[in-house]
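Understanding the architecture of this molecule
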Amino acid sequence: MEFSTKGAVEKPAASYDYYDVVEDLAKKDRWRRWSRSLSLAAIYLAISLAMGYVFGMIALFFCLIVVCSGIVPLMHVVTPRAYIVAGNFIIWGPGGLGRKERLELDGDLKAILKEDRNLVEIKSKWVTILYLYSHDPKTLHKILERKIKVSRRKK
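Another aspect to go through is the overall build of the protein chain. Of regular secondary structure, the protein chain possesses four helices and seven strands. Sequence-ordered secondary structure for the protein chain, helices as α and strands as β, is β-α-α-α-β-β-β-β-β-β-α. Within the protein chain, the fraction of its 155 residues that count as buried is 37%. Of the roughly 9600 Å² of accessible surface on the protein chain, a fraction of 61% belongs to carbon and sulfur atoms.

Structure, rendered in structure tokens:
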């Protein structure tokens, strides 16, 4: 079954713990995400150019590798418009849930609640992987925290 964010939205028939379509919340917070991405891009570019100017081309390539490796914060964070929390996974898809992407909730992840933005941030160590907007962020945060703690105990 394919899910659409336009018109009447059908809930998935499969068993799930949480489901939300958040296109309205994502649009409302778009400028904050864009300004974060542009700021990080400008900082990374300035540092790379300065290192390249001072230390030469090898430092420039090293900076490029560091930026692309995920050691530093990502410039673009995935922000699904509709998603499902089912089992030990978060499942989403671009433009609806037809083509599915998924993230396994393992013990290395952290869920951070940002209630003022209606947002739960999924982080891996120091890098933000996923922004999950929600109409009920406290409930989503509780569900994700419970699932992450269960997967930590399994390890």
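In this section: the environment of Val78. Structurally, Val78 can be placed in the loop between helix H3 (57–69) and strand E2 (82–86). Separated by 54 residues in sequence, Val78 and Leu132 have C-alpha atoms that sit 8.7 Å apart. Discounting residues that sit within four places of it in the chain, Val78 has contacts with Trp92, Ile129, Leu130 and Tyr131.

Another aspect to go through is the pairing of strand E7 (residues 127–133). Strand residues, when the strand is regular, have side chains that alternate between the two faces of the sheet. Counting buried positions over the seven residues of E7 gives six, a clear majority of the element. Alignment of strand E6 (residues 119–124) against E7, held across six bridges, turns out to be antiparallel. Bridging from a neighbouring strand, Ile122 pairs with Leu130 of E7. Here E6 hands over to E7 after two residues, with Lys125 in that stretch at a positive phi of 55°.

What follows is about the layout of surface pockets. Looking at the largest pocket, its volume works out to about 240 Å³. As for the largest pocket, its lining consists of 13 residues, and the residues nearest its centre are Arg33, Trp34, Ser37, His76 and Val77. Per-element tally for the lining of the largest pocket: the top contributor is helix H2 (residues 30–55), with six residues. Along the lines of polarity and charge, the residues of the lining of the largest pocket split into six nonpolar, three polar and four charged.

Given a rise of 1.5 Å per residue, 26 residues ought to cover 38 Å, and the 37 Å separating the end C-alpha atoms of H2 matches this to within 8%. In this fold, the buried residues of H2 make contact with helix H1 (23–28), H3 and E7. Positive phi appears at Gly56, one or two residues downstream of H2, with a value of about 95°.

Parameters and conventions
- Residues numbered from 1 in each chain as written.
- Predicted model: local features only at pLDDT ≥ 70, side-chain atom pairs only at ≥ 80, totals over all residues.
- Heavy atoms only, no water.
- Helix = DSSP H or I, 4+ residues; strand = E, 2+ residues; numbered from the N terminus.
- Buried < 20%, exposed > 50% of the residue type's maximum accessible area, 1.4 Å probe, protein only.
- Areas by Shrake-Rupley, 256 points an atom, 1.4 Å probe, with all protein chains shown as cover.
- Contact = heavy atoms within 4.5 Å.
- Pairing = 2+ DSSP bridges.
- 1 Å grid on protein atoms, 1.4 Å probe; cavity = no way out; pocket = protein on both sides within 12 Å on 5 of 7 lines; lining within 4 Å.
- Points joined across faces, edges and corners; volume = space filled by probe spheres on them.
- Nonpolar A, V, L, I, M, F, W, Y, C, P; charged D, E, K, R; others polar.
- Expected span 1.5 Å × (residues − 1).

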